[in-house]
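Residue-level structural notes
Listed below are the residues making up each chain.
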Amino acid sequence: MPDFSTFRLILEGLLTGLSVTVIVALAALVIGLVLGFGLCLLREFTRIRTVHFTIDAYVELLRNIPALTHLFILYFGLASLGLRLSSITAAIVGLGLIGAAVTCDIFRAGFRSLPKGQIEAALAVGLRPGQTIVSILTPQAMRIALPGLSNYAVQLVKDTSVVSAIAAPEIMFFARSMVTSSFQTTLIYATAAGLYLLLSLPLMQGVRVLENHYGKLKA
Amino acid sequence: MTGFLQPYVEYGSEWWPLLAEAMLNTALLTIAGFALSVVFGLALLLCQTSSSKALRGFATVYVTTLRGVPLLAILFLLYFGLPGVGITFDALTAAVLGLSLCFAAQVSELFRAGLKAIPKGQREAAMAVGFTPVQSFTFIILPQVVRVILSPMIVTFVSLLKDSSLASLITVNELVLTGRAMATEYFLPLQIYVAVGLCYFMIGWPFSILSRRLAAPAAR
């Protein structure tokens, strides 16, 4: 039976990866939100067919292919073209690009649920189309998109574990490398699982609060 | 661009049979995982709706835990971790079990939301015209629940399909692992991983379209 000092050693080892997990999750979240919102605006408020088609194709391709495959294409595939990304860069770019496809859909659902009268009224009182989008539609759409976005954030934290497959030194990566040097596999993976749970529980609680709050607003 | 496509012309006839077999394995893994997660999900739902406090508590803890822990951690725990305490699975069993344990939590939440969406009057009316509780559930409630949750269920199915790729990391011979083996053999990782991605797309995209079609009338 492993004693407490073994457990402490394992925990310390795993915590070395915590910063990379957090950095990858945060950076991917920012890319996902900004790019996703941009794509959503282009998709909803332009009338150019090619733009619509390109964005739709982007969203479908990124949402129907596993993150692991995208990461392998970015990390191993691009290297064969001479474009070598570091594993952390590949992880951030990969998860960020996938996130953009996810949040684009969430934002679009937010804009779609607004009544047409909002645009008409804003234009009628003399706001320019740009002002209408920025100050009238976006704040309302954000409010509707918020629960979906926070759900995505929870999912993202868990998905960072996948980037250990391209050797990005996050929690799961250290778990895997510790297993090869010690034989406490059960304890190591259970501790890693617990660590992720500690990261996602507060986020999940946040999702619930947001859902309750905005659910009530709707009703 | 022609340089990128050249290997497909050259090796396409060698690659396709390998990828087709791997696609079949991925499909089987996904279907087995999904079927089992529906079974586990229904069992969880029974726990959640039971009158026993212990069972309800278990279901809540289970759903929260399994939704908060990444699938990869569960897979590693099952495949590499449990042998440490004397429980050994082969890779495929561990993958199916891990996928279904994780997705059972999502499936049970879907069922619960579906049941909530059916007005109480439906059951009362069924009982009033003389249906037994079992009959009213089977013929009145269940068909309506299925109608409500069909589209999100298909979305869950596609997520499970994507997550089945993680089974490659515990040595299940599905699409990604086949791709890795091919990439080392042919030294063409870009072309091969793109092909692997398109294989997933070919399986998953029709389901994504289907789920959107089914969701559209319900939203109106």
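Residues numbered from 1 in each chain as written. Chains lettered and ligands numbered in written order. Predicted model: local features only at pLDDT ≥ 70, side-chain atom pairs only at ≥ 80, totals over all residues. Heavy atoms only, no water.

Describing the overall build of chain B
Operational definition: Working definition: helices are DSSP H or I runs of at least four residues, strands are E runs of at least two. Numbering for both runs from the N terminus. Note on definitions: a residue-residue contact is assigned when non-hydrogen atoms from the two residues lie within 4.5 Å. With residues, only the protein chains shown are counted as cover, and all accessible areas are computed by Shrake-Rupley using a 1.4 Å probe. The charged-residue count follows a simple rule in which Lys and Arg add positive charge and Asp and Glu add negative charge, with His and chain termini not counted at all. We put the charge of a Lys on NZ, of an Arg on CZ, of an Asp on CG and of a Glu on CD.
Scanning chain B from N- to C-terminus turns up 8 helices and 0 strands. Ordered by position from N to C terminus, the α and β elements of chain B give α-α-α-α-α-α-α-α. Dimensions of chain B along its principal axes, counting C-alpha atoms only, are 70 × 50 × 25 Å. Of the contacts made within chain B by residues no fewer than 6 positions apart, 73% connect residues no fewer than 24 positions apart. Summed over all atoms, the accessible surface of chain B reaches about 10,900 Å², with 70% contributed by carbon and sulfur. Of note, chain B has its 13 positive side-chain charges centred 24 Å away from the centre of its 9 negative side-chain charges.

Observations regarding a nonpolar patch on the surface
Residues and elements named next belong to chain B. Applicable threshold: A patch consists of residues whose relative accessible area exceeds 30% and which take part in no salt bridge; residues with like charges are grouped when within 9 Å of each other, and nonpolar side chains (Val, Leu, Ile, Met, Phe, Trp, Tyr) when within 5 Å. One speaks of a salt bridge when a side-chain nitrogen belonging to Lys or Arg is within 4 Å of a carboxyl oxygen belonging to Asp or Glu.
Taken together, the side chains of Leu115, Phe137, Leu142, Val146 and Leu150 present a nonpolar region at the surface, about 360 Å² in accessible area. Top contributing element to the nonpolar patch by residue count: helix α6 (residues 133-163), with 4 residues. Relative to the helices and strands, valine 146 is located in helix α6.

Points about the interface of chain B and chain A
Definition in use: By buried area we mean the combined loss of accessible area, with a 1.4 Å probe, across both parts when two parts are placed together. By the criterion applied in these results, polar contacts are pairs of N or O atoms within 3.5 Å in which, for protein atoms, one can donate a hydrogen and the other can accept it, and in which residues neighboring in sequence qualify only through two side-chain atoms.
Taken together, the contacts link 35 residues of chain B with 32 residues of chain A. Around 3,000 Å² of area is buried between chain B and chain A when both sides are counted, 73% of it from carbon and sulfur atoms. We note a salt bridge from A:Glu60 to B:Arg212, for which the minimum N-O separation is 2.8 Å. Applying the counting rule to chain B against chain A returns 8 residue pairs in polar contact (both at pLDDT 80 or more). If you list the elements that add at least two residues to the side of chain B that touches chain A, you get α2 (53-68), α3 (71-81), α6, α7 (175-186) and α8 (189-219) of chain B. The element that contributes the greatest number of residues to the side of chain B that touches chain A is α8(B), accounting for 13 residues.

Some words on the packing of aromatic side chains
For the record, the criterion: Between rings of Phe, Tyr and Trp, where Trp is taken as its six-membered ring, a pair exists when centres lie within 6.5 Å; planes separated by under 30 degrees are stacked, by over 60 edge-to-face, and by other angles tilted. When a residue's accessible area, from a 1.4 Å probe over protein chains only, is under 20% of the maximum for its type it is buried; when over 50% it is exposed; and in between it is partly exposed.
Applying the stated criterion across every chain, the model contains 22 aromatic pairs over all chains. For the pair A:Phe173 and A:Phe174, a centre-to-centre distance of 5.8 Å together with 85° between the ring planes defines the contact as edge-to-face. The exposure class assigned to A:Phe173 is partly exposed, which follows from its relative accessible area of 26%. Through a chain of ring-to-ring contacts, three or more aromatic side chains come together here, namely B:Phe4, B:Tyr8, B:Tyr11, B:Trp15 and B:Tyr186.

Section: the nonpolar core
As a rule of thumb, soluble globular proteins bury nonpolar side chains together. Going by this rule: Think of a nonpolar core as a cluster: buried Ala, Val, Leu, Ile, Met, Phe, Trp, Tyr and Cys residues, connected wherever their side-chain atoms sit within 4.5 Å.
With 116 residues, the main nonpolar core has A:Leu14, A:Leu68, A:Met172, B:Leu166 and B:Leu175 as its most contacted residues. In this structure, A:Leu14 is in contact with A:Ile171, A:Phe174, A:Ala175, A:Met178, A:Ile188, A:Thr191, A:Ala192 and A:Leu195, ignoring residues within four places of it in sequence.

Observations concerning the side chain of B:Ser151
Residue and element names in this part refer to chain B. Assignment of secondary structure puts serine 151 in helix α6. Classification of serine 151 as buried rests on a relative accessible area of 11%. Excluding anything up to four places from it in sequence, serine 151 contacts Ser211, Leu214 and Ala215.

Overview of helix α5 (residues 87-112) of chain A
Put simply, the test is: To estimate the expected span of a helix, subtract one from its residue number and multiply by 1.5 Å.
Along its 26 residues, α5(A) runs 37 Å from first to last C-alpha, staying within 8% of the 38 Å computed at 1.5 Å per residue. Extensive coverage of α5(A) is indicated by the burial of 19 of its 26 residues.

What about the pattern of salt bridges?
All names here are of chain A. Taken as a whole and judged by the stated rule, the model has 9 salt bridges over all chains. With its nearest N and O atoms 2.8 Å apart, the salt bridge here joins arginine 108 to glutamate 44. With arginine 108 in helix α5 and glutamate 44 in helix α2 (residues 18-45), this residue pair connects regions lying 64 residues apart in the sequence. Per residue, the accessibility class of arginine 108 equals that of glutamate 44, and both read buried. For the salt bridge of arginine 108 with aspartate 56, the shortest nitrogen-to-oxygen distance reads 3.8 Å. Taken as a pair, arginine 108 in helix α5 and aspartate 56 in helix α3 (residues 49-63) lie far apart in primary sequence, 52 residues in all. Judged by its relative accessible area of 14%, arginine 108 is buried. In the salt-bridge network here, residues are joined through shared partners; they are Arg43, Glu44, Asp56, Arg108 and Arg112.

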